[in-house]
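Per-entry structural report
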Amino acid sequence: MPNPRVPRDSSLRWTIFRPWVRLSDSGRLESQVAQREGAGIRTRSTGVRGGTHEPIRTCIGCRTRTCASDLLRVVAEDGSRTVPDPRRRRPGRGAWLHPDTACLRSAERRRAFSRALRVQGQLDSTTVQAYVEQVAHEQADARVSRARQLKEAGRPVMNQP
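The notes below deal with the structure included here.

Rules used throughout
Sequence order as written defines the numbering, with residues in each chain counted from 1. Reporting in this predicted model follows two pLDDT cut-offs: at least 70 for local features of residues, and 80 or more for side-chain atom pairs to be given and counted; totals over whole chains, interfaces and linings ignore these cut-offs and use all residues. Hydrogens are left out, water is left out, and the side-chain values use all remaining heavy atoms of the structure. A run of H or I in DSSP becomes a helix once it reaches four residues, and a run of E becomes a strand once it reaches two; helices and strands are each numbered from the N terminus. Here the term buried applies to any residue with accessible area under 20% of the maximum for its type, exposed to any over 50%, and partly exposed to those in between, with areas from a 1.4 Å probe on protein chains only. Only heavy atoms matter for contacts: two residues are in contact if any of them lie within 4.5 Å across the pair. Exposure was quantified through the Shrake-Rupley algorithm and a 1.4 Å probe, taking into account, for residues, occlusion by the shown protein chains and nothing else. The length a helix should cover is 1.5 Å for every residue beyond the first. As used here, the term nonpolar core means buried Ala, Val, Leu, Ile, Met, Phe, Trp, Tyr and Cys residues forming a set that is joined through side-chain atoms within 4.5 Å. Paired strands, as defined in this entry, are two strands with at least two bridges between them according to DSSP. Working convention: axes come from line fits to C-alpha atoms, limited for helices to the stretch in contact. Angles between N-to-C directions cover 0 to 180 degrees.

1. So, the overall build of the protein chain
Helix and strand content of the protein chain: three helices and nine strands. When the elements of the protein chain are put in sequence order from the N terminus, they spell out β-β-β-β-β-β-β-β-β-α-α-α. Put simply, the protein chain has 161 residues, and 27% of those count as buried. Long-range contacts, defined here as pairs at least 24 residues apart, represent 37% of the contacts in the protein chain between residues at least 6 apart. Counting only carbon and sulfur atoms, one obtains 49% of the accessible surface of the protein chain, whose full area is about 11,600 Å².

Next comes the structure, spelled out in structure tokens:
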């Protein structure tokens, strides 16, 4: 079995200090798995020694890569319907989706749920649709209340001694 720490191609260079620490091009230590230079895998790292990182996932609706914390995990349940997994704790293979109706419609149109979850046949996504609409409604209410707070913050307070 070949040694995984020795690159096959001499043009690629490994920069390994420990299995969990890597020296970046700028000379800083990053806390992520050592990778070949030029690899397409990205993580969001906090930087110097012992920081945390967030995994990067691809939205199945718009196919953009972003942090997993910005995406909603969706799991197939009973092989016939999709269920949202906002806590990311349900067992099974998960697909990642922006909590946005446009991404949901795009994923449904392209039949991306069954492909990403590796399930045969069409999946019912009504529970995911209801969850995404609820999140969109909550975000709209939060924006309205925040705008109202900012508007009221500019007003003088009356009846103060």
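What follows continues from the structure just given.
2. Remarks on helix H3 (residues 126-153)
Taking 1.5 Å per residue as the helical rise, H3 with its 28 residues ought to reach 40 Å, and the 40 Å between its terminal C-alpha atoms agrees with that figure. Buried within H3 we find Val 128, Val 132 and Val 135. Looking at the buried residues of H3, the elements they touch are strand E7 (72-77), strand E8 (81-85), strand E9 (94-97) and helix H1 (101-109).

3. Some thoughts on the nonpolar core
Ranked by internal contacts, the top residues of the largest apolar core, which has 19 residues, are Ile 60, Leu 97, Leu 104, Ala 107, Phe 113 and Val 128. Elements supplying a minimum of two residues to this core: E7, E9, H1, helix H2 (112-116) and H3. Excluding residues that lie within four positions of it along the chain, Phe 113 makes contacts with Ile 60, Val 74, Thr 82, Leu 97, Leu 104, Ala 107, Glu 108, Leu 123 and Ser 125.

4. Brief notes about the sheet that holds E8
Pairing within the open sheet is antiparallel, and its three strands lie in the order E8-E7-E9. The sheet terminates laterally at E8 and E9, the two strands that pair on one side only. Between one strand axis and the next, the sheet turns through 35° on average, direction left out of account. As judged from the four bridges shared by E7 and E9, these two strands associate in the antiparallel manner. Bridging from a neighbouring strand, Leu 72 pairs with Leu 97 of E9. Each of E7, E8 and E9 is contacted by H3, which is oriented at about 35° to E8, the strand it contacts most.

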